[in-house]
Amino acid sequence: MTKKNDNIDLLLSKLDKKELADFIRKECMNDRQFQDRFLALGAGTLFKPNPDKYAARVEDLIDDYGGRHGYIEYSDTFDFNRSVTRILDEADEAIEKGQWEVAVAVLKGIASVSEDILNSGDDSAGELGAIVSDCFEKWHDLCEEESLPESFKSEIFELALSRFNDKDLKGWDWWWDWMEMAIDLADTPEKQNRVIKSLDAIKPNGDDWSSRYAANTAQKYKLEIISRCGSEEEQIKFMYDNVSNPDFRRRLIQIAWDNSDYEEVLRLAKDGLSQDADYAGLVSDWHEWEYKVYRAIGDKDNQVRLARHFFFKGGRWGEKEFTQESMYSVLKSLTSQNEWPKYVDTLISEAKGKGDFSHLLYIYTKEKMWQEYMDYIRENPSLYNIEDAPKDVKKLFKEEIIKLYTTAVRNFFQRASDRKSYRDGVNLLRNLIKYGGTNEATQIVVEQKSRTPRRPALIDELSKL
């Protein structure tokens, strides 16, 4: 690429102005996209930049890449992204040069056809959405420019609030980018009140999840406005007035927790359990706060109750404190040694009652209840259950494990019908040998090689044992 650039520089140094002008004029006549890129050099100086021109350039690219079917295929979305990005780069160049009118025109034009971009083809690779994200990222960069004149700030504010009120890109998170831009530029009480009015217009519609999400998000942005122009007391009051918003409830609980107001933490958590009973993730959040309070105040009975809940239900993904292992340890530490065997029986009964065999086997393993574990395998002698059994079970009941596993492997080969399944079967035979069933594995090999009609692929895989 460097060599090509050197050659370009060399050629430009040799061409006179007329030769260069003739070339540009000819290319502009034959290539619409080249013409648009060339004329863009005069935007903001010789010509007034027009957002419609930039929108039209993107629409032309959609047509070009869409081909005869009018749909951009997955394999073409990367190149389409690069082509539109070259137009977006003109906004960056304009911002660097302080050509604010050009920057606004580029971004306004591309934003106006964002939905067309998103619907123009197969976005499995995320290339189409990336264009829209890039466009809004540049909008945010422009809004944060300290040297951006007030007239342009007002223009962008009006555009952003108007697009938000018109529900432009509603259904995508980019709709909220318009609101973020309006909030960033709401630098007067009048503008802030207009933003709040737009946010207040968003109400939940019954139990519809999406409308509830929109209403909660609108409240979060309203709180951001209040935080800019109101006191901390006003913010807290607003959150209490809208405590059904899970984000507000979390913040209020955290404030109460930081102030060691455990009674208020419990009140908010219990109220959340009542309000959000249909949302498992939120229920888990409020139970976690309950548990933290009971642990802090030394309420062992409620600690045990909630530890049992989390043992079976689990906590949020990635939270080590509320894992199955952690909660089992808590249960054992809070139960006296004399009472522990009876308590384990209640855990086993609950696991069996729920058909929760994963937790049942976990309890058997932790308590070294090998006879009970083997009883389960006898009733459920699958390959997986045998392979997943603890080493102690396989050692104590070696002969029976070999017998059950041999039967399971035979059944597997009866269903095997292609090379992959034959290869998997050979791996099972290796396991059988590892368990001590060499004779049984040898017998299965003899049986399978003698199957009729002959299966060359099966015999080939067995020969690798």
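Note that the structure is predicted; figures quoted are calculated from it, not measured.

Parameters and conventions
- Residues numbered from 1 in each chain as written.
- Predicted model: local features only at pLDDT ≥ 70, side-chain atom pairs only at ≥ 80, totals over all residues.
- Heavy atoms only, no water.
- Helix = DSSP H or I, 4+ residues; strand = E, 2+ residues; numbered from the N terminus.
- Buried < 20%, exposed > 50% of the residue type's maximum accessible area, 1.4 Å probe, protein only.
- Areas by Shrake-Rupley, 256 points an atom, 1.4 Å probe, with all protein chains shown as cover.
- Lys, Arg positive; Asp, Glu negative; His and termini not counted.
- Charge placed at Lys NZ, Arg CZ, Asp CG, Glu CD.
- Expected span 1.5 Å × (residues − 1).
- Contact = heavy atoms within 4.5 Å.
- Axes fitted to C-alpha atoms, helices over the stretch in contact; angles between N-to-C directions.
- Parallel < 35°, antiparallel > 145°, perpendicular 65-115°, else oblique.
- Nonpolar A, V, L, I, M, F, W, Y, C, P; charged D, E, K, R; others polar.
- Salt bridge = Lys/Arg side-chain N within 4 Å of Asp/Glu carboxyl O.
- Bend = angle between axes of the 7 residues up to and from the residue.
- Disulfide = S-S within 2.5 Å.
- Phe/Tyr/Trp six-rings, centres within 6.5 Å; stacked < 30°, edge-to-face > 60°.
- Lys NZ or Arg CZ within 6 Å of the ring centre and 35° of its normal.

## Details of the overall build of the protein
- For the protein, the helix and strand inventory stands at 27 helices and zero strands.
- In terms of overall dimensions, the protein has C-alpha extents of about 95 × 70 × 40 Å along its principal axes.
- By residue count, 43% of the 465 residues in the protein fall in the buried class.
- Accessible area for the protein stands at about 26,400 Å²; split by element, carbon and sulfur atoms hold 49% of it.
- Taking the 68 positively charged and 87 negatively charged side chains of the protein as two groups, their mean positions are separated by 7 Å.

## Comments concerning helix α6 (residues 100-112)
- Along its 13 residues, α6 runs 18 Å from first to last C-alpha, staying within 8% of the 18 Å computed at 1.5 Å per residue.
- Of all the 13 residues making up α6, 10 are buried; the element is thus mostly covered by neighbouring parts of the structure.
- The set of residues buried in α6 consists of W100, V102, A103, V104, A105, V106, L107, G109, I110 and A111.
- Residues of α6 that are buried make contact with α4 (51-66), α5 (77-97), α7 (114-118), α8 (127-143), α9 (150-165) and α10 (174-185).

## Looking at the packing of helix α25 (residues 419-434) against helix α26 (residues 438-449)
- Running from amino to carboxyl end, α25 crosses α26 at an angle of 150 degrees, the nearest separation of the two axes being 7 Å. As the angle between them shows, α25 and α26 are arranged roughly antiparallel. Together, L429, L432 and I433 of α25 and T438, E440, A441, I444 and V445 of α26 make up the contact between the two elements.

## Some details on the side chain of K191
- Along the chain, K191 turns up in helix α11 (residues 189-200).
- The exposure class of K191 is buried, given its relative accessible area of 10%.
- Excluding residues within four positions of it along the chain, K191 makes contact with S154, F157, L185 and A186.

## What about the packing of α6 against α9?
- Remark: α6 packs on α9, axes separated minimally by 11 Å, with the N-to-C direction vectors making an angle of 10 degrees. With respect to their mutual orientation, α6 and α9 come out roughly parallel. Together, W100, E101, V104, K108, A111 and S112 of α6 and F152, E155, I156, L159 and R163 of α9 make up the contact between the two elements.
- The residue makeup of the contact of α6 with α9, split by class, is six nonpolar, one polar and four charged.

## Here's the deal with the pattern of salt bridges
- This model, assessed by the stated rule, comprises 32 salt bridges.
- The residue K464 makes a salt bridge to D460 at a minimum N-O spacing of 3.9 Å.
- With relative accessibility at 47%, the residue K464 sits in the partly exposed group.
- Among the residues examined, D460 registers a relative accessible area of 32% and is labelled partly exposed.
- Residues joined by salt bridges that share partners form a network here, namely R419, R423, D460, E461 and K464.

## Overview of α5
- Along its 21 residues, α5 runs 30 Å from first to last C-alpha, staying within 8% of the 30 Å computed at 1.5 Å per residue.
- In α5, a bend of some 25 degrees at R86 exceeds every other bend along the element.
- Residues of α5 that are buried include every one of T77, F80, N81, S83, V84, T85, I87, L88, E90, A91, A94 and I95, and no others.
- Elements that come into contact with the buried residues of α5 comprise α4, α6, α7 and α8.
- Two residues or fewer after α5 comes G98, characterised by a positive phi angle close to 75 degrees.

## Let's talk about the state of the cysteines
- According to the stated counting rule, one finds zero disulfides in the structure shown.
- Not part of a disulfide, C143 finds its nearest cysteine sulfur in C135, a span of 11 Å.
- Free cysteine C229: the closest other cysteine sulfur is in C143, separated by 19 Å.

## Quick word on the packing of aromatic side chains
- The final tally for this structure, using the stated rule, is 23 aromatic pairs.
- Ring geometry for Y65 and F80: centres 5.7 Å apart, planes at 70 degrees, overall edge-to-face. Note that Y65 is positioned in helix α4 and F80 in helix α5, a separation of 15 residues in sequence.
- The partly exposed category is assigned to Y65, whose relative accessible area is 24%.
- Between the aromatic rings of F310 and F322, the centroid separation amounts to 4.6 Å while the plane-to-plane angle is 50 degrees, which identifies the pairing as tilted. Note that F310 is positioned in helix α17 (residues 300-313) and F322 in the loop between α17 and α18 (324-334), a separation of 12 residues in sequence. The same class applies to F310 as to F322, namely buried.
- What links up through ring pairs into an aromatic cluster is the set F311, F312, Y328, W340, Y343 and Y362.
- Directly above the ring of F157 sits K191, whose terminal nitrogen or CZ lies 5.3 Å from the centroid.
- It is K354 that lies over the ring of F312; its NZ or CZ is 4.5 Å from the centre.

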